[in-house]
Amino acid sequence: MNKRNFELLGSFSVLYIEDEADLRKHTTSILEDFVKIIYPVSSIDEALEVIKNERVDVIIADIHLRHSNGLDFLRKLKQELELEIPSIVTTAFSDTEYLLDAIKLRVDNYLIKPVNIKELLNSLHDVLLPKIQAKEIERSYNIIKTISAVTDSKQVEIIRFIIKNLDHENMLNYSYSEIMEQVDVSKPTVIKLFKQLGDQGILTKIQNKKYHFNETNLPLPGDI
C-alpha cells in the first residue's frame, strides 16, 4: 500500500473508550496531534453521552472494560440506536470468541494490545479512507459548480482555498488578509469574489472571519 497521508485525519473526530487511565492519557496525547478532536472516555455511559451530544466519525473501543464490554457498546449502537459508525476494537486477549463477535458486528479493525501507535494511525486512515475519498469527490464537484457561478479566472484559486478549508459544518474561518497570505491575489479580487458568492447566497457572512458555505445555492448540474 502507498504511504498514508495522516494529515487527512485532521478533519475527523474520534471517540476513544479505554478504562486504563495511563494508556488513555498517553494515546490521547498522541492522537490529538493528528485528528480534529478526540473524546477520551473510560466507560460506556460516558461514551453514550458523547454519541448523544457530539459528532463522531470513528470509534476506538477496548473490549475489556470495567463492568462492561466494548463490543456490547458497538452492538447497542448498531442494533438499538441504528448508528453505523466506523469502529476499531482493541484487546489484550487474542480469544477467537471476541474476534468472531467483532466480525459479526462488522467491526472495521481488531488490534491486539499493546497497540503500536503507527499501527493505530494506519488503521484510522484505512477505516476513514472511504469518508476521505467521498469528501474529496464532493469538494471537487463543489469547486466545479462554484467556479461556474463566477467569471473571473483569477478567483479560481480562492474558490479552491475556500472549499479545501471548510470545516464539517461548512464554515470558513478566515479573514480577507489571511486568505491573501495563502493565495497570491489582491484584496479587491477577494472582496469581489466574496460579494459575488454572497449575492448568490453561496457564501454568507456570519460574523467577522466566519462565513457559511451554502451548497444548496450552487448551480445545478444542468446549469453548468
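Residues numbered from 1 in each chain as written. Predicted model: local features only at pLDDT ≥ 70, side-chain atom pairs only at ≥ 80, totals over all residues. Heavy atoms only, no water.

1. Details of the side chain of Lys113
Mapping Lys113 onto the fold places it in the loop between β7 (109-112) and α5 (117-147). Classification of Lys113 as buried rests on a relative accessible area of 14%. At 3.2 Å, the side chain of Lys113 and the side chain of Glu20 are in polar contact. For Lys113, the residues in contact, after removing those within four places along its chain, are Glu18, Glu20, Leu23, Asp62, Thr90, Thr91 and Ala92. (Helix = DSSP H or I, 4+ residues; strand = E, 2+ residues; numbered from the N terminus. Buried < 20%, exposed > 50% of the residue type's maximum accessible area, 1.4 Å probe, protein only. Polar contact = N/O pair within 3.5 Å; in protein donor to acceptor, adjacent residues only side chain to side chain. Contact = heavy atoms within 4.5 Å.)

2. Some points on the packing of aromatic side chains
The full count for this structure, using the stated rule, is four aromatic pairs. Taken together, a centroid distance of 6.1 Å and an interplanar angle of 90° make the contact between Phe6 and Phe34 edge-to-face. Taken together, the residues span a long stretch of sequence, with Phe6 in the segment before β1 (13-17) and Phe34 in the loop between α1 (21-31) and β2 (37-41) at a distance of 28 residues. A residue is classified by how much of its surface remains accessible, and Phe6, at 16% relative accessible area, is buried. Judged by centre distance (4.9 Å) and plane angle (80°), the rings of Phe194 and Tyr211 are edge-to-face. Here Phe194, found in helix α8 (residues 187-199), pairs with Tyr211, found in strand β10 (residues 210-213); they are 17 residues apart in sequence, far enough to count as distant. Across this residue pair, the class does not change: Phe194 and Tyr211 are buried. (Phe/Tyr/Trp six-rings, centres within 6.5 Å; stacked < 30°, edge-to-face > 60°.)

3. Regarding α1
All of the buried residues along α1 are Arg24, Thr27, Thr28 and Leu31. On an axial view of α1, the arc spanned by its buried residues comes to 105°, and they lie on one face. Facing away from the buried side of α1 by over 90 degrees, the exposed positions are Asp22 and Lys25. Buried residues along α1 sit against β1, β2, β3 (58-62) and α5. (Arc of directions from axis to C-beta.)

4. A look at the packing of helix α2 (residues 44-53) against helix α3 (residues 70-79)
Following both chains from N to C, one finds α2 and α3 inclined at 35°, their axes separated by 11 Å at the closest point. Taken as a pair, α2 and α3 cross one another with a handedness that is right-handed. Contacts from Ile44, Ala47, Leu48 and Ile51 in α2 reach Phe73, Lys76 and Leu77 in α3. Looking at the contact of α2 with α3, its residues break down into six nonpolar, no polar and one charged. (Axes fitted to C-alpha atoms, helices over the stretch in contact; angles between N-to-C directions. Left-handed = near helix turned anticlockwise from the far one by under 90°. Nonpolar A, V, L, I, M, F, W, Y, C, P; charged D, E, K, R; others polar.)

5. Describing the sheet that holds strand β6 (residues 87-91)
Ordered by their spatial adjacency, five strands build an open sheet running β2-β1-β3-β6-β7, and the pairing between neighbours is parallel. Looking at strand neighbours, the two that pair on one side only are β2 and β7, the edges of this open sheet. In this sheet, adjacent strand axes meet at a mean angle of 15° when their direction is disregarded. Note: β1 against β3, four bridges, orientation parallel. When the bridges of β3 are listed, Val14 appears paired with Val58. Helix-sheet contacts for α3 involve β1, β3 and β6, and the interaxial angle to β3 is about 145°. (Pairing = 2+ DSSP bridges.)

6. Focus on the domain arrangement of the protein
Domain annotation for the protein reports domain 1 (7-139) and domain 2 (151-216). Relative to domain 2, the C-alpha centre of domain 1 lies at a distance of 34 Å. Taken residue by residue, the interface counts four residues in domain 1 and seven residues in domain 2. Both sides together, the interface formed by domain 1 and domain 2 hides about 480 Å², and carbon and sulfur atoms give 39% of it. When the buried surface of domain 1 facing domain 2 is broken down by residue, Lys36, Arg55 and Arg139 rank first, second and third, together holding 85% of it. Counting the contacts that link domain 1 with domain 2 gives zero salt bridges. Where domain 1 meets domain 2, there are zero residue pairs in polar contact (both at pLDDT 80 or more). The residue makeup of the side of domain 1 that touches domain 2, split by class, is no nonpolar, no polar and four charged. (Domains from an automatic or database assignment. Buried area = accessible area lost by both parts, 1.4 Å probe. Salt bridge = Lys/Arg side-chain N within 4 Å of Asp/Glu carboxyl O.)

7. What to know about the sheet that holds strand β9 (residues 203-207)
Taking strand neighbours across the sheet as the criterion, the three strands line up as β8-β10-β9 in an open arrangement whose pairing is antiparallel. Of all strands in the sheet, those bounded by a partner on one side alone are β8 (171-172) and β9.

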